[in-house]
Amino acid sequence: IQGLTIEDLAIVEEHRVLRHDHLCKIENLDHLVLASKEARILPGCDVLTRSGLIMRHDIIKVPIIGKNNNVISIFSFVNDRTCTVNLLELLDLYISEYANKKVAVSYMLKHLDWSRFFIHEPSHSELRVLLSIYYHGEDRGYVALRLNKSFKTVQKHIDGLKDKLRPHENFKKMVSSLRLVA
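By the definition in use, this model includes five aromatic pairs. Look at Phe 75 and Phe 77: their rings are 5.3 Å apart centre to centre, the planes differ by 40 degrees, and that puts the pair in the tilted class. Residue Phe 75 is classed as partly exposed on the basis of its relative accessible area, which comes to 47%. For Phe 77, a relative accessible area of 31% translates into the label partly exposed. Each member of the aromatic cluster is reached from another via a ring pair, and the members are Tyr 94, Tyr 98 and Tyr 107.

So this is what it looks like as structure tokens:
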């Protein structure tokens, strides 16, 4: 009963847990469930999928109690919480996983399915501006304040984003549609 369950092995096999301490906590979760005979949750476990995308999971383990009030099995499952992660935080996770910012941006765009809007991928800074606009609206002054950048720098990144859009895309229309997609 103790140790990594088949579900745990599938998580570890299909995904690489990004933080070693989470891998240790996954292994210890069975012991906690056995000792307490209560369900346990490991929240916010960040994993890297085989396709290179980052996911945030809650790992949940529930004891199955037998006739003698002992734990006869442990039911394990995963709750995918990736859609609840702030996209700026998710970008930071990609940056920390992939040392090359260009590669990190590429995976982030793939993750969000936003690549289709661009002829050329935006830079890391341009994507941060776009994500801030996504959350806070198109008030460039407010975006500059949120990102701790000058108004001129934010405008430069917006111009860079506009230059990288596909010919049929309009910046305002794209930002509106991003809110519908994500």
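With respect to the element layout, Glu 126 can be found in helix H5 (residues 124-136). The class for Glu 126 is buried, based on a relative accessible area of 7%. Reaching out from Glu 126, the side chain makes a polar contact with the backbone nitrogen of Ser 123 at a distance of 2.8 Å. If sequence neighbours within four positions are ignored, Glu 126 has contacts with His 157, Gly 160, Leu 161 and Lys 164.

This paragraph deals with unusual backbone geometry. Excluding glycine, most residues fall at negative phi; most peptide bonds, likewise, are trans. Non-glycine residue Asn 69 carries a positive phi angle of around 60 degrees. Following the sequence through the fold, Asn 69 ends up in the loop between strand E3 (54-65) and strand E4 (71-80). Residues other than glycine seldom take positive phi values, yet Asp 113 does so here, at roughly 60 degrees. Within the fold, Asp 113 resides in the loop between helix H4 (101-112) and H5.

Quick look at the packing of H5 against helix H7 (residues 151-164) now. When two helices pack together, you describe them by how their axes are tilted relative to each other and by the distance separating the axes. In the contact formed by H5 and H7, the axes pass within 9 Å of each other and the chain directions differ by 100 degrees. Judged by the angle between their axes, H5 and H7 are roughly perpendicular. The residues of H7 that touch H5, namely those facing Ser 125, Glu 126, Val 129, Leu 130 and Ile 133, are Val 154, His 157, Ile 158, Gly 160, Leu 161 and Lys 164. The residue makeup of the contact of H5 with H7, split by class, is six nonpolar, three polar and two charged.

Summed over the entire model, instances satisfying the criterion amount to seven salt bridges. With its nearest N and O atoms 2.6 Å apart, the salt bridge here joins Asp 46 to Arg 56. With Asp 46 in strand E2 (residues 40-49) and Arg 56 in strand E3, this residue pair connects regions lying ten residues apart in the sequence. Of the charged contacts in the structure, one is a salt bridge between Asp 113 and Arg 116, with a shortest N-O distance of 3.4 Å. Residue class for Asp 113 comes out partly exposed when judged on its relative accessible area of 43%.

Moving on, we get to the confidence of the model for the chain. Residues at a pLDDT of 70 or more form 86% of the chain, whose mean pLDDT is 85. Put simply, helix H1 (residues 6-14) is where the chain has its lowest mean pLDDT, 52, and H7 is where it has its highest, 96.

Quick look at the pairing of E4 now. When E3 meets E4, the two strands line up antiparallel, connected through nine bridges. Residue Asp 58 lies in a different strand from E4, and its bridge partner there is Asn 79. Between the antiparallel neighbours E3 and E4 lie five residues, among them Asn 69 with a positive phi of about 60 degrees.

Here we come to the packing of helix H3 (residues 87-97) against H5. With their axes 9 Å apart at the nearest point, H3 and H5 run at an angle of 160 degrees to one another. When the axes of H3 and H5 are compared, the pair comes out roughly antiparallel. Residues Leu 87, Leu 88, Leu 91, Asp 92 and Ile 95 of H3 form the contact with H5, whose own contacting residues are His 124, Leu 127, Arg 128, Leu 131, Tyr 134 and Tyr 135. Each residue belonging to the contact of H3 with H5 can be placed in one class, and the counts come to eight nonpolar, one polar and two charged.

Conventions and cut-offs
- Residues numbered from 1 in each chain as written.
- Predicted model: local features only at pLDDT ≥ 70, side-chain atom pairs only at ≥ 80, totals over all residues.
- Heavy atoms only, no water.
- Phe/Tyr/Trp six-rings, centres within 6.5 Å; stacked < 30°, edge-to-face > 60°.
- Buried < 20%, exposed > 50% of the residue type's maximum accessible area, 1.4 Å probe, protein only.
- Helix = DSSP H or I, 4+ residues; strand = E, 2+ residues; numbered from the N terminus.
- Polar contact = N/O pair within 3.5 Å; in protein donor to acceptor, adjacent residues only side chain to side chain.
- Contact = heavy atoms within 4.5 Å.
- Axes fitted to C-alpha atoms, helices over the stretch in contact; angles between N-to-C directions.
- Parallel < 35°, antiparallel > 145°, perpendicular 65-115°, else oblique.
- Nonpolar A, V, L, I, M, F, W, Y, C, P; charged D, E, K, R; others polar.
- Salt bridge = Lys/Arg side-chain N within 4 Å of Asp/Glu carboxyl O.
- pLDDT = per-residue confidence, 0-100.
- Pairing = 2+ DSSP bridges.

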